[in-house]
Amino acid sequence: MTPNILVVGDLILDHYIWGKCERISPEAPVQIVEVGKETLMLGGACNVAHNLISLEAKVWICGIIGKDKAGKDLLALLKKLHINTQGVLTSKRPTTQKSRIIASHQQVIRVDRENKQSISPKEEKSLLEFIEKLITQEKLDCILLSDYNKGVLTLSLCQKVIALAKTHSIKILIDPKGKDYHKYKGATLLTPNKKEATEATNIAISDDKSLKQALLKLKKMCDLEFSLITLSEDGIAIFDKNLHKIPTIAREVFDVTGAGDSVIAALAFMLALGESILASVYFANATAAVVVSKIGSATATKREIFHYLKRNNLLDSCYIDSTLLSLFSSTPNSSPLDKHIQKITQKQTRLDFKDKKITQENFKAFLTALKQLQKGHFKIVFTNGCFDILHFGHIYYLNAARDLGDLLIVGLNGDDSIKKLKGPSRPINNFEDRVALLCALECVDFVIEFQEETPYKLIKALKPDIIVKGGDYKNKKVVGSDVVKEVYLIDFVENKSTTGLIAKIQKEFK
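Rules behind the numbers
- Residues numbered from 1 in each chain as written.
- Predicted model: local features only at pLDDT ≥ 70, side-chain atom pairs only at ≥ 80, totals over all residues.
- Heavy atoms only, no water.
- pLDDT = per-residue confidence, 0-100.
- Contact = heavy atoms within 4.5 Å.
- 1 Å grid on protein atoms, 1.4 Å probe; cavity = no way out; pocket = protein on both sides within 12 Å on 5 of 7 lines; lining within 4 Å.
- Points joined across faces, edges and corners; volume = space filled by probe spheres on them.
- Helix = DSSP H or I, 4+ residues; strand = E, 2+ residues; numbered from the N terminus.
- Phe/Tyr/Trp six-rings, centres within 6.5 Å; stacked < 30°, edge-to-face > 60°.
- Buried < 20%, exposed > 50% of the residue type's maximum accessible area, 1.4 Å probe, protein only.
- Lys NZ or Arg CZ within 6 Å of the ring centre and 35° of its normal.
- Axes fitted to C-alpha atoms, helices over the stretch in contact; angles between N-to-C directions.
- Parallel < 35°, antiparallel > 145°, perpendicular 65-115°, else oblique.
- Nonpolar A, V, L, I, M, F, W, Y, C, P; charged D, E, K, R; others polar.

### What to know about the confidence of the model for the protein chain
Within the protein chain, residue pLDDT values average 84, and 86% of them lie at 70 or more. Taken together, the stretch residues 341-353 has pLDDT below 50 and engages in 20 contacts with residues farther than four places along the chain or on a different chain.

### Focus: the layout of surface pockets
Any space left empty among the atoms is revealed by the rolling of a water-sized probe across them. As a volume, the second largest pocket reaches approximately 820 Å³. Around the second largest pocket sit 32 residues that line it, and Asn 384, Gly 385, Cys 386, Lys 422 and Phe 492 are the ones nearest its centre. Among the elements of the structure, strand S15 (380-385), helix H13 (392-402), helix H14 (415-422), strand S18 (466-470) and helix H17 (498-508) are those that each provide at least two residues to the lining of the second largest pocket.

### Some thoughts on the packing of aromatic side chains
In total, this model carries 4 aromatic pairs according to the counting rule given. Note on Tyr 16 and Trp 18: the rings are 5.7 Å apart at their centroids and 20° apart in plane angle, and the pair reads as stacked. On the basis of relative accessible area, Tyr 16 is assigned to the buried category, the value being 10%. Arranged with centres 5.5 Å apart and planes meeting at 70°, the rings of Tyr 181 and Tyr 184 form a pair that is edge-to-face. Accessibility classification places Tyr 181 together with Tyr 184 in one group, the buried group. If you follow Lys 37 out to its NZ or CZ, it ends over the ring of Trp 18, 5.7 Å from the centre.

### Observations concerning the side chain of Ser 91
Following the sequence through the fold, Ser 91 ends up in strand S5 (residues 84-91). Beyond its immediate sequence surroundings of up to four residues, Ser 91 is in contact with Ile 64, Ile 65, Gly 66, Lys 67 and Glu 123.

### Some thoughts on the packing of helix H3 (residues 121-137) against helix H4 (residues 155-167)
At a minimum axis separation of 11 Å, H3 and H4 run at an interaxial angle of 10°. In terms of axis orientation, H3 runs roughly parallel to H4. Counted together, Glu 124, Leu 127, Leu 128, Ile 131, Glu 132 and Ile 135 of H3 and Ser 156, Leu 157, Lys 160, Val 161 and Leu 164 of H4 form the full contact between these two elements. Taken together, the residues of the contact of H3 with H4 break down into 7 nonpolar, 1 polar and 3 charged.

Below, the structure is given as structure tokens:
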């Protein structure tokens, strides 16, 4: 399922000037920065929209930009990500732009170009008309207000959008700013941090008792469905009918830039899918953990979140396993694919090879489950070969192939097929032995036999996203390339081949 989400708020262009500093100006005691490059990134509400796109939501954005170069640049970045920009209006006010000068990996100064005055009644009316029209034309699952206190989200606009959302039973989440939260009254939830919540409630949050008091005050003051406070390295606190403190799961923190945008985007995504509030908070925590492990304002994909949790043995955490799997598959746990994924979530990484081997008997059920995963945007990778005597070159190749997607399926030549290709002395290892060896590799998810000269029939049935072949296929037609979205070539490891290994053994024993 792909949720439809509207983001309304302050549209900001983040401008970075990168350079080096080796001397001080003779005109004043300031650094001279020699500019090396400049980059543009989405900021404010635009970064929230970017996070939602990374989670594969369908996103509309609504706000105001200026009739200037920064506005054109911002619009181009949004369109490049396939974010719908029909709700972006142009105005005489300048596009909000934050320019950061970075010298030798350190921010030296930030220069802001902006107009923080409230938008005009005419501009507010235009934004509201777009939102009303979108609600009637599209089935929105969630509206998200991203307030950076730049004048777009006025008291009047906020209240009118909240009223619209409630009339149409649309969840509305708000990232608040300032001390007066009355303009957010009636929202589904707000996402203030501890400092912001303290200022809004006048309650100094120092322990669980004061935390609960602040959550209850926010809930009553703003008439919220759920009351939530983000606690930085301590995770997220939420009050629905009881107090829940969900601890952070971040293992490495490199940069917290944009983590708040990622949290509210993840909450909106999950609630839009109809997930529970606790499941949504756990998912948001996992999203933030991925984002802060990167450098710079970043986003997280479903695949990265799933792999982060799997790598850190967190898939068995309360709510996480069933919730994440619902994003990837809605099929019952009956096919080999479902059993395999279920064992992954239970940390049973040493699977019996029979769970990975696809036979004629279970092939139909496997295809059904595979299609469900692909509907959930799970990326399927396919490669094929003899894999007769497994060696380092094979291990390198298969691991590299697995890193290109979420599941690696290996089409394995049957014994008769290999004899036709390699001669009567091959294979050295029979099919069952070769299957067992491949299935023992963590990077291989499933193995399927084929007896034809090429795996074209198998590829047509599987319809993978990517076919992987060796570097020797450069400038050659790859079988099945007409079926898939992408063909990827991986260079062989030099001097590593089954033929060479056999020749070496024969030489040694002559």
